[in-house]
Amino acid sequence: MSNFGLYEERIRDFKWSIAEKELEYSNGNILNIGWYCSDRICLKGKAEKIALYYEGFGGIKKTFTFNDIRIAGNTIGSFLRNLGIKDEDRVCLFMDRIPELYLSFLGVLKIGAIVQPLFSAFGEESLFVRLENAQTRAIITQSRHLSKVRMIRDRLPHLEFIIVVDHVVTKKLENKEIAFSLSDSPPVGNLEIFPTKAESPSVLHYTSGTTGQPKGVKHVHYSLISQYLTTKWVLDLQENDIYWCTADPGWVTGTSYGIIGPWSLGITQCVLDAGFSAHAWYRFIDDYQITVWYSAPTAIRSLMKAGDEVVAQYNLKSIRHLASVGEPLNSEAVLWSIKMFDKPFHDTFWQTETGCIMITNFPGMKVKPGSMGKTFPGITGTLLDPVTYEPIKETGKVGLIAFQPGWPSMMRSYWNNEEKYREKFKNGWYLSGDRSSIDAEGYFWFIGRDDDVINTGGHLVSPFEVESALLEHPAVAESAVVAKPDEINMEVVKAFITLKPGFNANPDLELEIMNFIRKKLSPLAMPQAVEFMDKLPKTRSGKIMRRLLHAKEWGEEIGDISTLEND
Ligand code: WT7
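Residues numbered from 1 in each chain as written. Predicted model: local features only at pLDDT ≥ 70, side-chain atom pairs only at ≥ 80, totals over all residues. Heavy atoms only, no water.

### Observations concerning the side chain of His145
Residue placement: His145 occurs in helix α8 (residues 143-152). Taking the relative accessible area as the measure of exposure, His145 reaches 5% and is therefore buried. Every residue in contact with His145, bar those within four places of it in the chain, is listed here: Phe94, Asp96 and Ser120. (Helix = DSSP H or I, 4+ residues; strand = E, 2+ residues; numbered from the N terminus. Buried < 20%, exposed > 50% of the residue type's maximum accessible area, 1.4 Å probe, protein only. Contact = heavy atoms within 4.5 Å.)

### Examining the site of the ligand
Taken together, 18 residues surround the ligand, and among them Asp347, Thr348, Gln351, Thr352 and Asp434 come closest. One of the backbone nitrogen or oxygen atoms of Gly326 is found 3.3 Å away from a nitrogen atom of the ligand. Between the ligand and Arg449, the relevant distance is 3.2 Å, taken from an oxygen atom to a side-chain nitrogen or oxygen of the residue. Coverage of the ligand by the protein amounts to 96% of the 560 Å² it exposes when considered alone. Of all the secondary-structure elements, those providing two or more residues to the shell around the ligand are α10 (252-264), β14 (345-349) and β22 (444-449). (Near = heavy atom within 4 Å. Polar contact = N/O pair within 3.5 Å; in protein donor to acceptor, adjacent residues only side chain to side chain. Areas by Shrake-Rupley, 256 points an atom, 1.4 Å probe, with all protein chains shown as cover.)

### Notes on the confidence of the model for the chain
Across the chain, the average pLDDT comes to 95, with 99% of residues at or above 70. Within the chain, the element-level pLDDT minimum falls on helix α1 (residues 3-12), averaging 83, and the maximum on strand β3 (residues 90-94), averaging 99. (pLDDT = per-residue confidence, 0-100.)

### Digging into the pairing of strand β6 (residues 161-164)
Residue alternation in β6 divides its side chains into two sets, Phe161 and Ile163 and Ile162 and Val164, and both sets are buried. Taken together, strand β5 (residues 138-141), α8 and β6 form a β-α-β motif whose crossover is right-handed. Of the pairings in the sheet, the one linking β6 to strand β7 (residues 177-179) comprises three bridges and is parallel in character. Opposite Ile163, over in β7, you have Ile178 as the bridge partner. (Right-handed = clockwise from strand over helix to strand, strands pointing away. Pairing = 2+ DSSP bridges.)

### Things to note about the packing of helix α12 (residues 297-306) against helix α14 (residues 331-341)
For the pair α12 and α14, interaxial distance at closest approach is 10 Å and the crossing angle is 60°. It follows from the interaxial angle that α12 and α14 lie oblique. Along this stretch, α12 crosses α14, giving a crossing that reads as left-handed. Mapping the contact onto sequence places Ile300, Leu303 and Met304 in α12 and Glu332, Ala333 and Trp336 in α14. (Axes fitted to C-alpha atoms, helices over the stretch in contact; angles between N-to-C directions. Parallel < 35°, antiparallel > 145°, perpendicular 65-115°, else oblique. Left-handed = near helix turned anticlockwise from the far one by under 90°.)

### What about the sheet that holds strand β27 (residues 529-532)?
Where strands meet in a sheet, backbone hydrogen bonds hold them as pairs that are either parallel or antiparallel. With mixed pairing, three strands are arranged side by side in an open sheet as β25-β26-β27. Both edges of this open sheet fall to β25 (476-486) and β27, since each of them pairs with a single strand only. Put simply, the sheet's adjacent strands are angled 25° from each other on average, direction ignored. The pairing of strand β26 (residues 490-499) with β27 spans four bridges and is classified as parallel. Each residue of the ladder has a partner; that of Lys494, found in β27, is Ala529. Relative to the sheet, helix α18 (residues 546-554) contacts β25, β26 and β27, its axis offset from that of β25 by approximately 40°.

### Considerations on the domain arrangement of the chain
Per the domain assignment, the segments making up the chain are domain 1 (3-436) and domain 2 (454-554). Taken together, the contact between domain 1 and domain 2 spans 25 residues of the former and 21 residues of the latter. Across the domain 1/domain 2 interface, buried area totals approximately 1800 Å², and carbon plus sulfur atoms make up 55% of it. Across the domain 1-domain 2 interface, the total number found is one salt bridge. (Domains from an automatic or database assignment. Buried area = accessible area lost by both parts, 1.4 Å probe. Salt bridge = Lys/Arg side-chain N within 4 Å of Asp/Glu carboxyl O.)

### Some thoughts on the pattern of salt bridges
All told, the structure shown has 39 salt bridges when counted by the stated rule. For Lys49, the salt bridge is made with Glu239, and the minimal N-O distance between the two is 2.9 Å. Linking Lys49 in the loop between α4 (39-46) and β1 (50-55) with Glu239 in the loop between α9 (223-233) and β10 (242-245), this pair joins segments that are 190 residues apart in sequence. Here Lys49 falls in the buried class, since its relative accessible area comes to 17%. In this structure, Glu465 engages Arg130 in a salt bridge whose closest nitrogen and oxygen atoms are separated by 3.2 Å. Note that Glu465 is positioned in helix α16 (residues 463-470) and Arg130 in helix α7 (residues 124-134), a separation of 335 residues in sequence. The class of Glu465 is buried, set by a relative accessible area of 10%. Here Arg130 falls in the buried class, since its relative accessible area comes to 4%.

Set out below in structure tokens:
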């Protein structure tokens with residue numbers, strides 16, 4: 001039987017209960033992701049199997065077995081519970097990719113609290129809006145990020161505990177701050193797991209839209225069902241695999257496929273918490289003999305740029321399966337990987353909101369370079385007409401990617417934002433906000449997003465968030481932020497700015513503004529280019545026409561400008 005047949009067969013016999021059965025879960029029972037990712041694996045006789053190979057800055061190495069992560073999760077959970085953290089309280093993880101990040105993830109879930117992972121490179125403003133929105137009760141962080149938390153804690157009445165996992169006694173802790181060290185805490189062998197059910201909230205990830213502040217995407221413990229099965233089938237993880245997901249758990253890939261998927265399957269995974277370099281990445285694969293590698297197009301393009309001779313310096317024969325997510329995977333990148341590793345990168349498409357892979361190049365299925373593949377078995381996907389929101393019947397016509405709601409890891413709400421949540425549904429379909437075409441064989445060909453959100457290196461940046469932050473700079477009168485094309489990151493942030501009287505456009509001011517955003521929001525949100533203008537294009541009603549500036553950057557037709565204000 002060919003593998004294409006396998007995909008067909010999976011579709012024909014598909015039921016989500018396949019995963020329920022394998023996980024020995026039945027409806028109405030207790031379902032806790034923290035327990036499934038550690039305790040259950042130990043009960044299955046894999047207590048001494050390696051769960052995590054960690055390598056940090058400066059080459060620090062640590063190894064954890066499934067029993068180690070089980071106990072560490074218990075110890076952190078118990079510590080939080082003793083502070084009074086209870087089910088459904090929000091606990092933010094604000095750490096680099098150190099082991100405590102992964103272990104706290106389990107600990108928070110084990111006591112039934114909601115885990116809110118945030119990217120550690122976020123500046124104080126990005127952090128503030130997300131903690132305020134979620135009314136977060138505790139934040140677990142590291143000394144090096146403490147200064148950012150200190151800048152905002154007094155504006156966060158709900159934030160009661162700031163837990164520092166690497167505190168050194170010589171530094172003074174302040175208001176709300178508590179030191180916690182995993183290595184100095186008595187290990188908790190047995191913890192009473194909070195009896196979460198399928199619909200109990202689990203993970204709260206923040207994602208950016210075009211308008212308004214970032215939205216908290218609420219997931220529930222039942223998400224495990226589709227995260228487990230997609231990891232098993234799409235990433236093709238098998239018992240002896242050594243798996244590497246390059247994503248940071250501040251983003252959904254780093255939790256769905258960097259924690260929950262692999263560990264619920266009892267798979268050994270590797271984490272490299274160091275900056276990107278082609279040598280470091282290939283060396284890491286070589287050292288750990290990584291077999292399955294899940295990464296992103298920007299990283300792949302950076303590796304391509306580093307040159308083929310670098311690949312030749314390492315033994316990468318261990319690689320068995322490759323997958324990619326987050327932004328369009330161009331056909332050149334797929335062809336390059338076939339040349340270098342004798343295997344294609346398998347593109348996968350999904351979102352923070354979907355919680356699991358929705359469109360995929362199923363292992364063994366014919367890969368069409370440049371296409372995202374076909375819907376995962378059990379997922380019904382279509383294209384909707386952008387005006388009528390009716391499914392498009394004609395092959396090859398571009399429409400809005402939409403899915404039939406009801407898969408296990410679909411978001412259950414946007415935190416405290418019922419209105420935005422409702423906007424995601426039309427005629428009973430969930431709208432992804434992306435445009436695509438579908439060919440005669442059911443393969444999706446990505447076209448672009450249906451909004452102004454900037455996807456830089458696989459990370460979504462809201463133009464609204466950057467514009468709002470820019471206005472806080474003393475020199476800025478008005479701003480408009482759009483995507484600018486970029487060879488490696490596909491898109492980067494560009495800001496158009498008008499200045500207040502008394503300020504002059506010059507390179508120093510440009511740099512100062514870039515750094516202002518880098519510190520306040522994040523390096524991702526930092527404009528890579530600033531263009532000073534005398535006035536911004538606006539509609540007659542005074543709305544800035546981002547569309548026009550976007551078209552200019554991309555050398556596209558400007559389209560209808562009848563509403564443009566005249567001098
Ligand atoms: C948006 C979701 C969940 C993965 C990390 C991103 C874009 C995602 C692809 C792909 C083209 C892609 C879409 C989507 N995107 N995967 N394979 N090809 N675009 O999660 O931050 O919620 O972003 O990323 O625009 O809507 P996210």
